[in-house]
Amino acid sequence: MSSTQPTFFVPHGAGPCFFMDWNPPDAWDRMEAFLRGIRETLPEQPRAILLVSAHWLEPTFSTTSSEQPDLIYDYYNFPPHTYELTYPAPGQPALAQRVIELLQQAVLPAATDAGRGFDHGMFIPLKLMFPEADIPVVQLSLRRDLDAEAHLQAGRALQSLRDEGVLIVGSGMSFHNMRGYRDPRFGPISDEFDAWLAQTVEADPAVRWQALAHWDQAPRARECHPERQEEHLLPLMLAAGAAGDDQGRHVFVDRVLETSLSGYRFG
């Protein structure tokens, strides 16, 4: 029997930021240390990873299902060497199919995609979390309608995977307004939303569900995640839904690009 794995929502940074020079040089150091430290907090080595990336949206929930997905370098105008990064983690078609079946049992349409590769929302954080790339990974898409409650429901449908040794990771950013990065005026705005988010994640699970389902009513929510651009927040809903009745914890926060960026753990 495997130990029950927690679920995480992690910030994945800006493109390949951890693997290149940046100004200031230490901008991403604390986030990198947080991501590298996650593995030692787990009850055991995961048997597989199910990762939900902000960078894959489909009409219905979809999973990568090839045995060795290619990498998708879906970032632009970065140094040439960042397009040569590798992360040869295998896929796991059986897990991909099980994810689809669990979602369909919850009356959430879903399908496998054998042609889809791993985008940078997957391989950038996992290169830090599990650099050996020896754990099978299946990537799960968001749903293009960006319905928060549907993503909570999807997470709940997948909760049982945690008891099978599957680590569920939501990869996004707790603040994602491209106009706001590097703008000092957005510091207090991001702080206010970040405080609400931390309080919500750590609330009673029933309260947490309702608040996250209506996250856009939170203070400064739409200044932090503009209308129809909340794809970087929604991986949190999958992680929270898969948490069930487990308590959530605010386990990371840092000031980067003049904004507060956070990470959360459930279980």
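Details of the structure are given in the entry above.
The structure presented is a predicted model; accordingly, all values stated were derived computationally and were not measured.

(A) Looking closely at the layout of surface pockets. Roughly 340 Å³ of internal volume is contained in the largest pocket. Forming the boundary of the largest pocket are 17 residues, of which Ala14, Gly15, His176, Met178 and Tyr181 lie nearest the centre. Here the lining of the largest pocket is composed, by residue class, of eight nonpolar, seven polar and two charged.

(B) Structural view of helix α1 (residues 29–37). Those residues of α1 that fall on the buried side of the exposure criterion are Met31, Glu32, Phe34 and Leu35. The buried residues of α1 all sit within an arc of 160° when viewed along its axis, so they share a single face. Looking at the buried positions of α1, the neighbouring elements they touch are β1 (7–11), α3 (120–129), β7 (248–256) and β8 (259–266).

(C) Structural view of the packing of aromatic side chains. Taken as a whole, this structure holds 15 aromatic pairs when the rule is applied. The interplanar angle of 70° and the centroid separation of 5.3 Å between the aromatic rings of Phe175 and Tyr181 together place this pair among those described as edge-to-face. Classification of Phe175 by relative accessible area gives buried; the value is 1%. Tyr181 sits in the buried class, given a relative accessible area of 13%. Each member of the aromatic cluster is reached from another via a ring pair, and the members are Tyr73, Tyr75, Phe78, Tyr83 and Phe123. Taking NZ or CZ as reference, Lys127 lies 5.5 Å from the ring centre of Phe19, over its face.

(D) Region of interest: helix α5 (residues 186–201). Taking 1.5 Å as the rise per residue, α5 with 16 residues should run 22 Å; its terminal C-alpha atoms sit 22 Å apart, in good agreement. Burial in α5 covers these residues: Phe186, Gly187, Ile189, Ser190, Phe193, Asp194, Trp196, Leu197, Ala198, Thr200 and Val201. Where the residues of α5 are buried, they touch α6 (205–213), α7 (221–224), α8 (235–242), β7 and β8.

Cut-off values and rules
- Residues numbered from 1 in each chain as written.
- Predicted model: local features only at pLDDT ≥ 70, side-chain atom pairs only at ≥ 80, totals over all residues.
- Heavy atoms only, no water.
- 1 Å grid on protein atoms, 1.4 Å probe; cavity = no way out; pocket = protein on both sides within 12 Å on 5 of 7 lines; lining within 4 Å.
- Points joined across faces, edges and corners; volume = space filled by probe spheres on them.
- Nonpolar A, V, L, I, M, F, W, Y, C, P; charged D, E, K, R; others polar.
- Buried < 20%, exposed > 50% of the residue type's maximum accessible area, 1.4 Å probe, protein only.
- Helix = DSSP H or I, 4+ residues; strand = E, 2+ residues; numbered from the N terminus.
- Arc of directions from axis to C-beta.
- Contact = heavy atoms within 4.5 Å.
- Phe/Tyr/Trp six-rings, centres within 6.5 Å; stacked < 30°, edge-to-face > 60°.
- Lys NZ or Arg CZ within 6 Å of the ring centre and 35° of its normal.
- Expected span 1.5 Å × (residues − 1).

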